[in-house]
Amino acid sequence: MIADGILIKLNEEKYPNCYLHRSDPNDVARSEEATFICTENRDHVGPTNNWMASDEAHAKLLKLFDSCMIGRTMYVIPYVLGPVNSPYSQVGVELTDSPYVAANMRIMAKVGKVALEHLKGGGFVKGVHSTGVLDPSNRYICHFPDEKLVMSLNSNYGGNALLSKKCHSLRLASVMARDEGWLAEHMLVIGIEDPDGKVTYVTGAFPSASGKTNLSMLKPPEYMKGWNVWAISDDIAWIHLDSEGRFRAINPESGFFAVAPNTSLETNPRIMEMVKKNTIFTNVALSSDKTPWWEGIGEHPRKLWDWQGKVWTAGKSAGSAAHPNSRFTTSIHQYASLSPEYNNPNGVPITAIIFGGRRSELVPLVYESFNWEHGVLMGAMLRVETTAAAAGEVGVLRNDPMAMKPFCGYHIADYFNHWLSFRSRSGKLPKIFQINAFRMGRDGRFLWPGYSHNLVVLKWIVERCMGKAEAVETPLGYVPTATSLYTEGMNIPETTIDELLRVDKVAWMDELESSRLFFESLGEGFSTVLWQELSKLMDRLRESSSANRV
Ligand code: OXD
Ligand code: MN
């Protein structure tokens, strides 16, 4: 790859066994417009997915794939997703003509003989990928849930081409999960250790590039001695019910393919330490000493090449030096605070589920749902600002229910019903929370410092689950009292905390109206339980005048 110009070797002393890859500029993010769910019947996929009839998709793709690998090397990548020996793990095989994809897959999944051993005569997901000619007008990422097949052409970008990730672990797995009674979710999984040594496991669904990796790899702030966060997953969770009806989560992946910009020794020293060896960087900038650079990492070096390899001068060159969606791919085993439970074949027991995303206004820093159905409504109503992880405009508000809009492989109304079905199947339902670390003040600055300080929010969530932390009952749900959130040593003015926790009832009525329109667009299959929850929330907002402390 170095000889062919696909990779640039980085400084061996400072970044041993690390490489830089520069993508074609038209291929730097997930291509949602080129992503299709292919079934016989359009109703299967609903209005939030692109649909193609499976016959038509087969015919189209077979033609486009014809001879596409001539003169290239084809890599055959058998992989296991999940801990070896876990009943929840799955096998897939990806064929690709991209050495870059093969090298990334080797980090992101357990590949090789281990997959054949796990197979034991069972089925596997089939993935066919070709770089093609990177023609965006003939780019297709097609999923065939009925055949457990993915075909991806004309993109080498991670989310489009590492077929174990979004294609298998989420789009196809979500269909299997519905049919078999489990959940395949766009969620981080972490263990939060308190000063008594008790670890509480939580999952968190946030849209792409909204802080999941940072939250899962958070280093506690100085003022939270005795606390720690153990990572199990930064992106995907497969959640099964155990024999006692408890939610148990595993991470199907073995590596991180995560956003680089804004990661620094200050914001996340644990990630900085992890990526210092055996890492593939994609579309970051390059310093003259052959070390990677991105916006937010610190001082500009004197000389820099941008993500396209052009000389870049601070204050003079247009755009950013690193692409906003530039990434690192690193093995999870290099992470110092990896949970000892990461490989537990039964997964970890989940006490709380968090929904979140970027909202510069409206959504309080944290609040708790009243019950499961209300929590499912909270997830279904998730409306967030778009990020650079998908091609298209950034910062536009869109409905992204459960952070699964781009990843749910079937009708989203049906998906909500699947979530609701856990009410009767589990006697140990996790509590559901929503968080928003991106609320801004009138001056356009973030009110909350985020990063390591997010542990203050996680602590409140853990303490709510233990029945310890105080809250105020608002129409929206349980919101912390300023004192229950306050953690000794935290240096944030009380007025800022008040603003972060404020529930703006008028603005919420507008939000509910846009949720109503979204739900209406989902057709007749949309749950009556969620309609009732929405109207209860409307009534609470209309009627409320004061809040009750609970
Ligand atoms: C990702 C994404 O890369 O969500 O994880 O786009
Ligand atoms: Mn993701």
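Everything below is about the structure shown above.
Fair warning: this is a prediction, and the values are worked out from it, not measured in the lab. (Residues numbered from 1 in each chain as written. Chains lettered and ligands numbered in written order. Predicted model: local features only at pLDDT ≥ 70, side-chain atom pairs only at ≥ 80, totals over all residues. Heavy atoms only, no water.)

Q: Quick question: what am I supposed to make of the overall build of the protein here?
A: Regarding its fold elements, the protein presents 14 helices and 30 strands. For 550 residues, the compact-globule estimate of 2.2 N^0.38 gives 24 Å, and the protein sits close to it at 23 Å. The C-alpha extent of the protein, read off along each of the three principal axes, is 70 × 55 × 45 Å. Looking at the protein as a whole, 61% of its 550 residues are labelled buried. Long-range pairs, those at least 24 residues apart, make up 72% of the contacts in the protein between residues at least 6 apart in sequence. Just so you have it, the protein exposes about 21,800 Å², and 50% of that area is on carbon and sulfur atoms. Each charge class in the protein was averaged separately, 56 positive and 61 negative side chains, and the resulting centres sit 4 Å apart. (Helix = DSSP H or I, 4+ residues; strand = E, 2+ residues; numbered from the N terminus. Rg over C-alpha atoms; globule rule 2.2 N^0.38 Å. Buried < 20%, exposed > 50% of the residue type's maximum accessible area, 1.4 Å probe, protein only. Contact = heavy atoms within 4.5 Å. Areas by Shrake-Rupley, 256 points an atom, 1.4 Å probe, with all protein chains shown as cover. Lys, Arg positive; Asp, Glu negative; His and termini not counted. Charge placed at Lys NZ, Arg CZ, Asp CG, Glu CD.)

Q: I keep staring at the site of ligand 1 and nothing clicks. Help me out?
A: As a matter of local geometry, ligand 1 sits amid Arg30, Lys165, Lys166, His186, Ser208, Asp235, Phe257, Arg327, Ala389 and Phe407. Arg30 places a side-chain nitrogen or oxygen 2.8 Å from an oxygen atom of ligand 1. Between an oxygen atom of ligand 1 and a side-chain N or O atom of Ser208, the distance comes to 2.5 Å. Protein coverage of the free-state accessible area of ligand 1, which is 210 Å², stands at 96%. In this structure, ligand 1 is accommodated by the largest pocket. (Near = heavy atom within 4 Å. Polar contact = N/O pair within 3.5 Å; in protein donor to acceptor, adjacent residues only side chain to side chain. 1 Å grid on protein atoms, 1.4 Å probe; cavity = no way out; pocket = protein on both sides within 12 Å on 5 of 7 lines; lining within 4 Å. Sits in = over half its atoms within 2 Å of the grid points.)

Q: Would you take a moment to explain the pattern of salt bridges for this structure?
A: Side chains that carry opposite charge are capable of pairing whenever their charged atoms lie near each other. Evaluated as defined, the whole model comprises 30 salt bridges. Across the pair Lys165 and Glu253 runs a salt bridge, and its minimum N-O distance is 3.0 Å. Placement of Lys165 in helix α5 (residues 164-180) and of Glu253 in the loop between β16 (247-250) and β17 (255-259) is noted, with a sequence separation of 88 residues between them. For the pair shown, Lys165 and Glu253 are each scored as buried. The salt bridge partner of Arg383 is Glu511, with a shortest N-O separation of 2.7 Å. Of this pair, Arg383 sits in strand β25 (residues 383-385) while Glu511 sits in helix α13 (residues 505-520), and the two are 128 residues apart along the sequence. Judged on exposure class, the residue Arg383 and its partner Glu511 are both buried. Here the residues in one salt-bridge network are Lys165, Lys166, Lys212, Asp235 and Glu253, joined through shared partners. (Salt bridge = Lys/Arg side-chain N within 4 Å of Asp/Glu carboxyl O.)

Q: Can you walk me through the coordination of the manganese ion (ligand 2) in this structure?
A: Perfect tetrahedral coordination of a metal by four donors corresponds to 109.5 degrees between them, and perfect octahedral coordination by six donors corresponds to 90 or 180 degrees. The protein atoms donating to the manganese ion (ligand 2) are Lys166 (NZ), His186 (NE2) and Asp235 (OD), with metal-donor distances spanning 2.2 Å. Of note, the manganese ion (ligand 2) draws all its donor residues from one chain, in the sequence arrangement K-x19-H-x48-D. With Lys166 in helix α5 and His186 in the loop between β11 (183-185) and β12 (187-193), this residue pair connects regions lying 20 residues apart in the sequence. Take Lys166: its relative accessible area is 5%, and that puts it in the buried class. (Donors = N, O, S within 2.8 Å, 3.2 Å for Na, K, Ca; no water.)

Q: Whenever I open this one, the sheet that holds strand β9 (residues 140-144) confuses me. Can you help?
A: Adjacent strands of a sheet pair through backbone hydrogen bonds, lying either parallel or antiparallel. Spatial strand order, β4-β3-β9-β10-β8-β6-β5-β7: eight strands in an open sheet with mixed pairing. In this open sheet, the two edge strands, each paired with only one partner strand, are β4 (50-53) and β7 (110-111). Here strand β5 (residues 75-81) pairs with strand β6 (residues 90-96) via seven bridges, running antiparallel. Residue pairing for β6: Pro78 is matched across the bridge by Val93. Of the strands in this sheet, β5, β6, β7 and β8 (125-130) touch helix α2 (residues 99-108), which is tilted by about 25° from β5. (Pairing = 2+ DSSP bridges. Axes fitted to C-alpha atoms, helices over the stretch in contact; angles between N-to-C directions.)

Q: How do you make sense of the side chain of Ser369 when you look at a structure like this?
A: Its location among the elements puts Ser369 in the loop between β24 (366-368) and α8 (372-380). Owing to a relative accessible area of 5%, Ser369 belongs among the buried residues under this scheme. Within polar-contact distance, the side chain of Ser369 engages the backbone oxygen of Asn371 at 3.0 Å. Here Ser369 is in contact with His374, Gly375, Met378, Ile432 and Tyr478, once residues within four sequence places are set aside.

Q: Got a minute to help me understand the layout of surface pockets in this structure?
A: Over the atoms rolls a probe the size of a water molecule, and in doing so it shows where empty space is left. When its volume is computed, the largest pocket comes out at roughly 1,100 Å³. Lining the largest pocket are 49 residues, with Ala209, Ser210, Gly211, Arg358 and Phe438 sitting closest to its centre. Mapped onto the lining of the largest pocket, the elements with two or more residues apiece are α5, α6 (212-216), β17 and β22 (327-331). With four residues, α6 is the single largest residue contributor to the lining of the largest pocket. Classifying every residue of the lining of the largest pocket gives 22 nonpolar, 17 polar and 10 charged. (Points joined across faces, edges and corners; volume = space filled by probe spheres on them. Nonpolar A, V, L, I, M, F, W, Y, C, P; charged D, E, K, R; others polar.)

Q: What is the right way to look at the packing of aromatic side chains in this model?
A: Two descriptors summarise a pair of aromatic rings, namely the distance from one centre to the other and the angle between the planes of the rings. Scanning the model with the defined rule gives 22 aromatic pairs in all. Plain terms: the ring middles of Phe519 and Trp531 are 6.1 Å apart, the flat faces sit at 80° to each other, and that makes the pair edge-to-face. With Phe519 in helix α13 and Trp531 in helix α14 (residues 528-543), this residue pair connects regions lying 12 residues apart in the sequence. Under the relative-accessibility criterion, Phe519 is labelled buried at 1%. Residue classification places Trp531 among the partly exposed positions, given a relative accessible area of 29%. Sitting over the face of the ring of Tyr478, Arg464 holds its NZ or CZ atom 5.2 Å from the ring centroid. (Phe/Tyr/Trp six-rings, centres within 6.5 Å; stacked < 30°, edge-to-face > 60°. Lys NZ or Arg CZ within 6 Å of the ring centre and 35° of its normal.)

Q: I tried to follow empty space enclosed by the protein on my own but got confused; where do I start?
A: Using the criterion set out here, one finds two cavities of 30 Å³ or more in the structure. Looking at the largest cavity, it is lined by 13 residues, and the ones nearest its centre are Tyr367, Met378, Met381, Gln434 and Trp508. Those elements that provide at least two residues to the lining of the largest cavity are α8 and α13. The residue makeup of the lining of the largest cavity, split by class, is eight nonpolar, two polar and three charged. In this structure, the second largest cavity occupies an estimated 30 Å³ of space.

Q: Would you mind showing me how to read the sheet that holds strand β2 (residues 19-21) here?
A: Here five strands make up an open sheet; going across it, the order is β1-β2-β18-β22-β17 and the pairing mixed. Two strands lie at the open edges of the sheet, namely β1 (8-9) and β17, each paired on one side alone. Sheet topology places β1 next to β2; two bridges connect them, and they run antiparallel. Bridging across to β2, Lys9 finds its partner in Tyr19.

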